[in-house]
Amino acid sequence: MESVFTDAKKLHSLTMSRDLLSDDKHICFVAKARPPLKKLKLVNDTTLESFGQVCPNLQILDVSCTRLTNSCIGEVLRRCPAITRLNIYGLNISDVFGSYSDHSVLNLKTLEAQDTQFDGEGMAMIGNRCRNLQYLDIGNCKKVTDKGVMEVVRSCERLRDILMGGCEKVSASVVLQMVSARPSLSNIEPPYFDDLSEQMINKVLSFGCRLNAIRLRLSS
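Visitor: Sorry if this is basic, but what is going on with the state of the cysteines here?
Guide: On inspection of all chains with the given rule, the structure shows zero disulfides. Counting only cysteine sulfurs, Cys156 is the nearest neighbor of Cys130, a cysteine outside any disulfide, at a range of 6.7 Å. Residue Cys130 is classed as buried on the basis of its relative accessible area, which comes to 0%.

See the structure below:
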């Protein structure tokens, strides 16, 4: 395996599973062989911390559908401050920080957190620690509430896109509060379209915020 990576040109992106890399020695070899590794997709949960130690230039981290803990992810975010995009789809976690509690602001711009266990506390952490966030997907996060959504909207001044489809505890009325509080918002996926009146939809659209799926429903 070493010869494969030694002969490769600059390695910027890597997708790996436990079947490919059998131990931490190989992990460190791959990470160091052709720096800088900028994109990492893991399909197993035992190797992330090793990469965090040797890949400080990592920019994109995809750990969707793994068994990783928030402590492990938080440690990698601490070690790899260049990460701007994080995909944690389907993880059984309520935040991405764990014991990483030094309150520094992260550089995350995109967070894909659909089908996670995010709750009010997790959303508050996003608002406090991810001030540069531009895109947030919390679709099907059953514990997120209006209060949690507004924590993020008020704190993340550059937020443009937020997807909330299937968030059972988020009400339709919060959509208007969101566009009023954060003019940068350009695209919102509401939790449930049928709960929005045509008057509210038109009001939201008047702020210049797209509700594409809703407009399709109205035109049908």
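Once you've had a look at it, read on.
Visitor: Help me out: how do you make sense of helix H6 (residues 146–155) in this one?
Guide: Side chains that are three or four residues apart share a direction in an α-helix, a result of its 3.6 residues per turn. Every buried residue of H6 is accounted for by Gly148, Val149, Met150, Val152, Val153 and Ser155. Contacts made by the buried residues of H6 are with helix H5 (120–129), strand E6 (135–137), strand E7 (161–163) and helix H7 (174–181).

Visitor: Would you take a moment to explain the environment of Ser186 for this structure?
Guide: Position of Ser186 among the secondary structure elements: in the loop between H7 and strand E8 (187–189). Sequence separation of Ser186 and Cys209 is 23 residues, and the distance between their C-alpha atoms is 4.2 Å. Here Ser186 is in contact with Arg160, Asp161, Gly208, Cys209 and Arg210, once residues within four sequence places are set aside.

Visitor: What is the right way to read the environment of Met164 from this model?
Guide: For Met164, the position within the fold is in the loop between E7 and H7. Linking Met164 and Ile188, residues 24 residues apart in sequence, is a C-alpha distance of 7.7 Å. Aside from chain neighbours lying at most four places away, what touches Met164 is Ile138, Gly139, Val149, Val170, Val175, Met178, Ile188, Glu189, Pro190 and Pro191.

Visitor: Please clarify how helix H8 (residues 198–205) should be interpreted in this entry.
Guide: Of the positions making up H8, those classed as buried are Met200, Ile201 and Val204. The arc that holds every buried residue of H8, seen down its axis, measures 100°, which confines them to one face. In this structure, H8 carries Glu198 and Gln199 as exposed residues pointing more than 90 degrees from its buried face.

Visitor: Explanation requested: the packing of H6 against H7 in the structure shown.
Guide: The description of two packed helices rests on the angle between their axes and on the distance between the axes. At a closest axis distance of 10 Å, the pairing of H6 and H7 adopts a crossing angle of 15°. By the angle between their axes, H6 is roughly parallel relative to H7. Our pair here, H6 against H7, has a crossing hand that is right-handed. Counting all contacts with H6, which are made through Asp146, Val149, Met150 and Val153, the residues of H7 involved are Val174, Gln177, Met178 and Ala181. For the contact of H6 with H7, a count of residues per class yields six nonpolar, one polar and one charged.

Visitor: I'm lost on the environment of Ile162 in this one. Help?
Guide: Within the secondary structure layout, Ile162 lies in strand E7. Ile162 sits in the buried class, given a relative accessible area of 0%. Taking the C-alpha atoms as reference, Ile162 lies 9.0 Å from Gly139; in sequence the two are 23 residues apart. Sequence-distant contacts of Ile162, defined by excluding residues within four places in its chain, comprise Leu136, Val149, Met178, Leu185, Asn187, Ile188 and Glu189.

Visitor: Sorry if this is basic, but what is going on with the side chain of Asn87 here?
Guide: Turning to its location among the elements, Asn87 is positioned in strand E4 (residues 85–87). Within polar-contact distance, the side chain of Asn87 engages the backbone nitrogen of Tyr89 at 3.0 Å. In this structure, Asn87 is in contact with Leu61, Asp62, Val63, Ser64 and Glu112, ignoring residues within four places of it in sequence.

Cut-off values and rules
- Residues numbered from 1 in each chain as written.
- Predicted model: local features only at pLDDT ≥ 70, side-chain atom pairs only at ≥ 80, totals over all residues.
- Heavy atoms only, no water.
- Disulfide = S-S within 2.5 Å.
- Buried < 20%, exposed > 50% of the residue type's maximum accessible area, 1.4 Å probe, protein only.
- Helix = DSSP H or I, 4+ residues; strand = E, 2+ residues; numbered from the N terminus.
- Contact = heavy atoms within 4.5 Å.
- Arc of directions from axis to C-beta.
- Axes fitted to C-alpha atoms, helices over the stretch in contact; angles between N-to-C directions.
- Parallel < 35°, antiparallel > 145°, perpendicular 65-115°, else oblique.
- Left-handed = near helix turned anticlockwise from the far one by under 90°.
- Nonpolar A, V, L, I, M, F, W, Y, C, P; charged D, E, K, R; others polar.
- Polar contact = N/O pair within 3.5 Å; in protein donor to acceptor, adjacent residues only side chain to side chain.

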